[in-house]
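Chain and residue survey
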Amino acid sequence: MADQPQKPPLQKPPGYRDPTTTPGKPPMSRPPPRKPVLPASFHHTKRRRNWCRTCCCFFFVFLLLLILVLAMAGGLFYLWFDPKLPVFHLQSFRVPKFNVTVKSDGTYLDAHTVTRIEVKNPNSKLEIFYGKTQVSVTAGGEDTLFGSQQVSGFLQGKKNTTSLKIETAVKNQLVDDGLGTKLKNGFKHKGLVVDVEARTRVGFIVQGLKVGTVEVDALCGGVSLKKLDSGDMPKCSINLFKWINLHY
């Protein structure tokens, strides 16, 4: 069959109005979508977080640079000056007075000691300054205190050797009866073992400026009176920062 011709669309008559529209108003159109309005507090918190993050980054970079500068300065200082800690020797030890008395109420000790400690500065480019030095003397191998004395602080030049004289005394010190007998026999036969401890603070002097201080304990112990009388000068060990032990 032959295709039938299509009918043309009907034309609206003049004056036709669409019943779906309201007279006098244009056709309704859908408004464009609106962006969500965020609260003002959200923007404030975001700006504050960004500012805090910037400050933290700046502080971290500054701290890192400071550590690097200090490390480089410390390395240059060590390479140029080659700092060394002082060396301590127990130079001599004398007991001008020693007496153990047994009384009805116990055993008592009277003792007077004179100790000399030799301190050497091995540095050729650095001077050393010492704070107040507390020296205590024990003997007998059982920490029997023979007294203590404080030595004033002092300065020590390059490659200098200084001798410190310390006098200690105890009077009417109550001791165990067995310990009193042991001390008396040890002193009589020169077998009494002596221990000397010198606790101080040490720092270096660079171009007239004091560079830091560290706590140092010089331990000179385990030496008998007989060995000291022979002229032996035993070296002392050094406890640095209370956990590093250095022996010379």
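Computed from a predicted structure; not experimentally measured. (Residues numbered from 1 in each chain as written. Predicted model: local features only at pLDDT ≥ 70, side-chain atom pairs only at ≥ 80, totals over all residues. Heavy atoms only, no water.)

1. Some words on the overall build of the protein
Scanning the protein from terminus to terminus reveals 3 helices and 11 strands. Seen in sequence order, the protein has helices and strands lined up from the N terminus as α-β-β-β-β-β-β-β-α-β-β-α-β-β. Split into buried and exposed, the 248 residues of the protein put 30% on the buried side. (Helix = DSSP H or I, 4+ residues; strand = E, 2+ residues; numbered from the N terminus. Buried < 20%, exposed > 50% of the residue type's maximum accessible area, 1.4 Å probe, protein only.)

2. Here we look at the nonpolar core
Counting residues in each nonpolar core, the largest one holds 43 residues, and the members touching the most others are Phe88, Phe98, Leu109, Ile117, Phe146 and Val196. Not counting chain neighbours up to four residues away, the residues in contact with Phe146 comprise Phe98, Leu109, Ala111, Thr113, Val137, Thr138, Ala139, Thr168, Ala169, Val170 and Leu192. (Core = buried A, V, L, I, M, F, W, Y, C linked by side-chain atoms within 4.5 Å. Contact = heavy atoms within 4.5 Å.)

3. Section: the packing of aromatic side chains
Taken as a whole, this structure holds 3 aromatic pairs when the rule is applied. What links up through ring pairs into an aromatic cluster is the set Phe98, Phe146 and Phe187. The lysine or arginine in question, Lys103, covers the ring of Tyr108, its NZ or CZ lying 4.9 Å from the ring centre. (Phe/Tyr/Trp six-rings, centres within 6.5 Å; stacked < 30°, edge-to-face > 60°. Lys NZ or Arg CZ within 6 Å of the ring centre and 35° of its normal.)

4. A short note on unusual backbone geometry
Although it is not a glycine, Asn172 sits at a positive phi angle of roughly 50°. A positive phi angle, near 60°, is found at Lys190, a position not held by glycine. Inspection of the secondary structure puts Lys190 in the loop between helix H2 (177-188) and strand S8 (193-206). The exposure class of Lys190 is partly exposed, given its relative accessible area of 36%.

5. Comments concerning the side chain of Thr107
Its place among the elements puts Thr107 in strand S2 (residues 106-120). What makes Thr107 buried here is its relative accessible area of 2%. Within polar-contact distance, the side chain of Thr107 engages the side chain of Asp177 at 2.5 Å. (Polar contact = N/O pair within 3.5 Å; in protein donor to acceptor, adjacent residues only side chain to side chain.)

6. What about the state of the cysteines?
Here the structure, examined in full by the defined rule, presents 1 disulfide. In this model Cys220 forms its disulfide with Cys236; the gap between the sulfur atoms is 1.9 Å. Taking the torsion about the S-S bond as the criterion, the Cys220 to Cys236 disulfide, at about 100°, is right-handed. Of this pair, Cys220 sits in strand S9 (residues 209-224) while Cys236 sits in the loop between helix H3 (225-229) and strand S10 (237-240); the two residues are 16 residues apart in sequence, bridging distant segments of the chain. The same class applies to Cys220 as to Cys236, namely buried. (Disulfide = S-S within 2.5 Å.)

7. Points about the pairing of S8
Pairing analysis gives 4 bridges linking strand S3 (residues 127-130) to S8, with the strands arranged antiparallel. Paired with Ile128 across the bridge in S8 is Phe204. Pairing of S8 with S9 involves 12 bridges; the strand directions are antiparallel. Looking at S9, one finds that Ala198 is bridged to Ala218. Linking S8 to S9, which pair antiparallel, is a turn of 2 residues; within it Gln207 sits at a positive phi near 50°. (Pairing = 2+ DSSP bridges.)

Take it as geometry only, folks, not as evidence of what the structure does.
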